[in-house]
Protein chains: 2
Amino acid sequence: MHIAITGGSGFLGQKLAKALLERGYLVDPEGSDAMLEQLTLIDAVKFPRRTDRRVRTITGDICDPLIARTFASERADVIFHLAAVVSGEAEQNFELGMRVNLGGIQNLLEACRQAGYVPRFVFASSVAVFGGELPAVVQDNTATIPQSSYGVQKALGELLVNDYSRRGFVNGRVVRLPTIVVRPGQPNRATSTFASSIIREPLQGQTALCPVSPELRLWVMSPRRAVQNLIHAAELPADAWGDNRIVSLPGLTVSVQQMIESLARVAGAEAVSLIKWQPDPSIENIVGSWPARFNPERAVTLGFEADNSFDEIVRAFMEDELQKQ
Amino acid sequence: MHIAITGGSGFLGQKLAKALLERGYLVDPEGSDAMLEQLTLIDAVKFPRRTDRRVRTITGDICDPLIARTFASERADVIFHLAAVVSGEAEQNFELGMRVNLGGIQNLLEACRQAGYVPRFVFASSVAVFGGELPAVVQDNTATIPQSSYGVQKALGELLVNDYSRRGFVNGRVVRLPTIVVRPGQPNRATSTFASSIIREPLQGQTALCPVSPELRLWVMSPRRAVQNLIHAAELPADAWGDNRIVSLPGLTVSVQQMIESLARVAGAEAVSLIKWQPDPSIENIVGSWPARFNPERAVTLGFEADNSFDEIVRAFMEDELQKQ
């Protein structure tokens, strides 16, 4: 079994790689466990030093059709396509977002098609595909009217994966990730970066700025669950997907207020006092356009799983990233 | 007022051009009638001889970024983007469909953005964006899970127009056309071409092949209404569209059986006897994946109009194309 990850030096790519290496196998299309022999990571950003002999790293940009072709020539059995320009950056730099978030997946899919090989192709989409006038609870058949360029680019990628799959060019699977919290490391240019900052920074004794109101609700998932669900997406048989390769993952609906209450329960009032309020209407508008309530019926039927509580999410972050219990 | 039409030598492009020239004006963004001074038609296919001094024709392919830029440099106040590879052809020739139906609109939108001018941009989308597991009646917020490459390409174009509009690069309007019947001329490579043939050919004393079952239902609109609704889409103020520039037009739900009954009422049993049944499951599958029942609430609110009956559609064809009453 040869697995490849685009965006392999990113936060989620690294976590997914680690999980796959630890696990050591993936279920193949015949339903048997296939040992992981090679893990190819590609990213435009440089990689941390390689520590596992199964790992091969490629520094390169999948927006370049030539690089995409080289990557496809590896003929990985499974490709996890995670590489993306994050939401805030795609909004600020339209051309960059289009080139990476649309052009990148187009290059990859075309490279597979032209090479004539059919990988399982797992694409990380986003709750940001939803926006505009939405029902109180988003259903599996709710239309995607994104209100950000990032969301549009993800929605375009979804449709492409669906058609390339229908035509037998790839064996696609698209999972719409909720907002992933708590991300480790530094704040990034995702519009939702605050949702991690307000937990991560106080837990490490640092102040965090919250640009949105306490009432704002989010649909969230922990990095652990995200990795677990990405692997599950790859392992599901093609038949299970039917004529739609897209699924909205099951998340948790939490308000910023509830997130802070969890922080208080897990880490005490002192941590909470490190959160400073600094409203930014542009962030509130974009994040507020993403729905926070879903009926993820299809995902549940397919065996995808949500986190159990936000307290659990905070504790998982502490275990995984801060080495405290 | 300068208006441009891509696909201007096509059946709908020619009808739209004729209607605009006869009308002689279009409502401008300030709500006043603006006289039509220039009508630019572009098409990869050659044009019939020009008969109106206001018309300028360009033979060229908007899939070529250079041609798209030249076209955009005309700075038409309103662009009707009708150029497309039809459904059957896009299914048969994947690369051609992607290049024209996705690449074409990308080139046009980019050319406008890079030229820094903001035309009203009317895009003819299609009911084919819908497919897969659908509710009994398609709502305005039903997800688009197309089951044909043509449908996917149209859905991609819709999302692009929405985002280019949200960002102020164009002033977009997308109308999802029902199956247009009765088309004049020869059968084309649209999967739904039979829906016109079974009326058009018998009315001219010729036999027609029907590849689908009499129970198959379609969501249809006459060319007259389509032209009227395209013009209405251009004239609506931007505010009326809100944060979604896409609308499913109101059509008529008719079964093939009901279409034939109309033909009998309007032209007699003799005409009907010219229809021969020759089932083609591949056509039945694709056309059957398009929904036939809609609740076009948004369109009706915005002032778009459906045909009154299929009898009226048959009579309109006879008036417009056969010069009989």
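Since the structure is predicted, the reported quantities are computational estimates derived from the model, not experimental observations.

A. Region of interest: the relation of the copies chain B and chain A. Rotating chain B by 180° and moving it 0.0 Å along the rotation axis overlays it on chain A with an RMSD of 0.0 Å. Considering both components of the superposition, the chain copies are consistent with a two-fold axis. Considering only C-alpha atoms, the residue of chain B closest to the rotation axis is A143(B), which sits at 1.8 Å.

B. Looking closely at the interface of chain B and chain A. Opposite the 35 residues of chain B that make contact, chain A presents 35 residues. Summing both partners gives a buried area of about 2900 Å² for chain B against chain A, and 56% of it is carried by carbon and sulfur. Along the contact surface separating chain B from chain A lie 6 salt bridges. Counting across the interface, chain B meets chain A through 20 residue pairs in polar contact (both at pLDDT 80 or more). Contributions of two or more residues to the side of chain B that touches chain A are made by α3 (87–92), α4 (94–115) and α5 (149–166) of chain B. Here the side of chain B that touches chain A gets 10 residues from one element, more than from any other, and that element is α5(B). In terms of residue class, the side of chain B that touches chain A is made up of 15 nonpolar, 11 polar and 9 charged.

C. Expanded view of the pairing of strand β7 (residues 120–126) of chain B. Residues and elements named next belong to chain B. Extensive coverage of β7 is indicated by the burial of 7 of its 7 residues. Both faces of β7 are covered, namely the face carrying R120, V122, A124 and S126 and the face carrying F121, F123 and S125. Sheet topology note: the strand β6 (residues 78–81)/β7 ladder contains 4 bridges and is parallel. Counted as the bridge partner of H81 is F123 from β7. Note on the crossover from β7 through α5 to strand β8 (residues 171–177): the handedness is right-handed.

D. Seen up close, the packing of aromatic side chains. In this structure the tally under the stated criterion is 12 aromatic pairs over all chains. Aromatic pair F94(A) and Y164(B): ring centres 5.1 Å apart, planes at 90°, arrangement edge-to-face. A residue pair is termed interchain when its members come from two chains, as with F94(A) in helix α4 (residues 94–115) and Y164(B) in helix α5. The residues F94(A) and Y164(B) share a single accessibility class, namely buried. Both rings, one in W219(B) and one in F294(B), keep their centres 4.7 Å apart while their planes meet at 25°; by these two values the pair is stacked. Placement of the pair is W219(B) in strand β11 (residues 217–221) and F294(B) in the loop between α10 (281–288) and α11 (297–301), with a sequence separation of 75 residues. One aromatic cluster is present, built from ring pairs that chain together F94(A), Y164(B) and F169(B). A cation sits over an aromatic face here: R113(A) above F169(A), 5.5 Å from the ring centre. Sitting over the ring of Y25(B), R23(B) keeps its end group 4.4 Å from the ring centre.

E. Up close: the sheet that holds strand β7 (residues 120–126) of chain A. Residues and elements named next belong to chain A. Pairing is parallel across the open sheet formed by 7 strands, whose spatial order is β5-β4-β1-β6-β7-β8-β12. Here the strands that pair on one side only, and so sit at the sheet edges, are β5 (55–59) and β12 (246–248). Within the sheet, the average angular offset between the axes of one strand and its neighbour, ignoring direction, is 15°. Two strands pair when backbone bridges link them, and strand β1 (residues 2–6) and strand β4 (residues 38–43) are joined in this way by 5 bridges, in the parallel orientation.

F. Layout of the environment of T57(B). Residues and elements named next belong to chain B. Topologically, T57 is positioned in strand β5 (residues 55–59). Through-space distance from the C-alpha of T57 to that of I42 is 5.9 Å; in sequence the pair is 15 residues apart. Apart from residues no more than four positions distant in its own chain, T57 is found in contact with L41 and F47.

G. Just the nonpolar core, in detail. Among the nonpolar cores identified, the biggest contains 76 residues, and F121(A) and F121(B) are the most heavily contacted of them. Of all the secondary-structure elements, those providing two or more residues to this core are α2 (65–72), α4, β7 and α5 (149–166) of chain A together with α2 (65–72), α4, β7 and α5 of chain B. Once you skip the residues sitting within four places of it in the chain, F121(A) turns out to touch I79(A), H81(A), I105(A), L108(A), L109(A), V161(A), V170(A), N171(A), G172(A) and R173(A). Counting 38 residues, the second largest nonpolar core, distinct from the first, contains M1(B), L12(B), A226(B) and F304(B).

H. Expanded view of the environment of L66(B). Tracing the backbone shows L66(B) in helix α2. Linking L66(B) and A111(B), residues 45 residues apart in sequence, is a C-alpha distance of 8.8 Å.

I. Representation of the side chain of N162(A). On the secondary structure map, N162(A) appears in helix α5. According to the relative accessible area criterion, N162(A) is buried, its value standing at 6%. Only 2.7 Å separates the side chain of N162(A) from the backbone nitrogen of R245(A), close enough to count as a polar contact. If we ignore the near neighbours within four places in the chain, the residues touching N162(A) are N244(A), R245(A), I246(A) and I145(B).

Cut-offs and rules
Residues numbered from 1 in each chain as written. Chains lettered and ligands numbered in written order. Predicted model: local features only at pLDDT ≥ 70, side-chain atom pairs only at ≥ 80, totals over all residues. Heavy atoms only, no water. Least-squares fit on C-alpha atoms with pLDDT ≥ 70 in both. Contact = heavy atoms within 4.5 Å. Buried area = accessible area lost by both parts, 1.4 Å probe. Salt bridge = Lys/Arg side-chain N within 4 Å of Asp/Glu carboxyl O. Polar contact = N/O pair within 3.5 Å; in protein donor to acceptor, adjacent residues only side chain to side chain. Helix = DSSP H or I, 4+ residues; strand = E, 2+ residues; numbered from the N terminus. Nonpolar A, V, L, I, M, F, W, Y, C, P; charged D, E, K, R; others polar. Buried < 20%, exposed > 50% of the residue type's maximum accessible area, 1.4 Å probe, protein only. Pairing = 2+ DSSP bridges. Right-handed = clockwise from strand over helix to strand, strands pointing away. Phe/Tyr/Trp six-rings, centres within 6.5 Å; stacked < 30°, edge-to-face > 60°. Lys NZ or Arg CZ within 6 Å of the ring centre and 35° of its normal. Axes fitted to C-alpha atoms, helices over the stretch in contact; angles between N-to-C directions. Core = buried A, V, L, I, M, F, W, Y, C linked by side-chain atoms within 4.5 Å.

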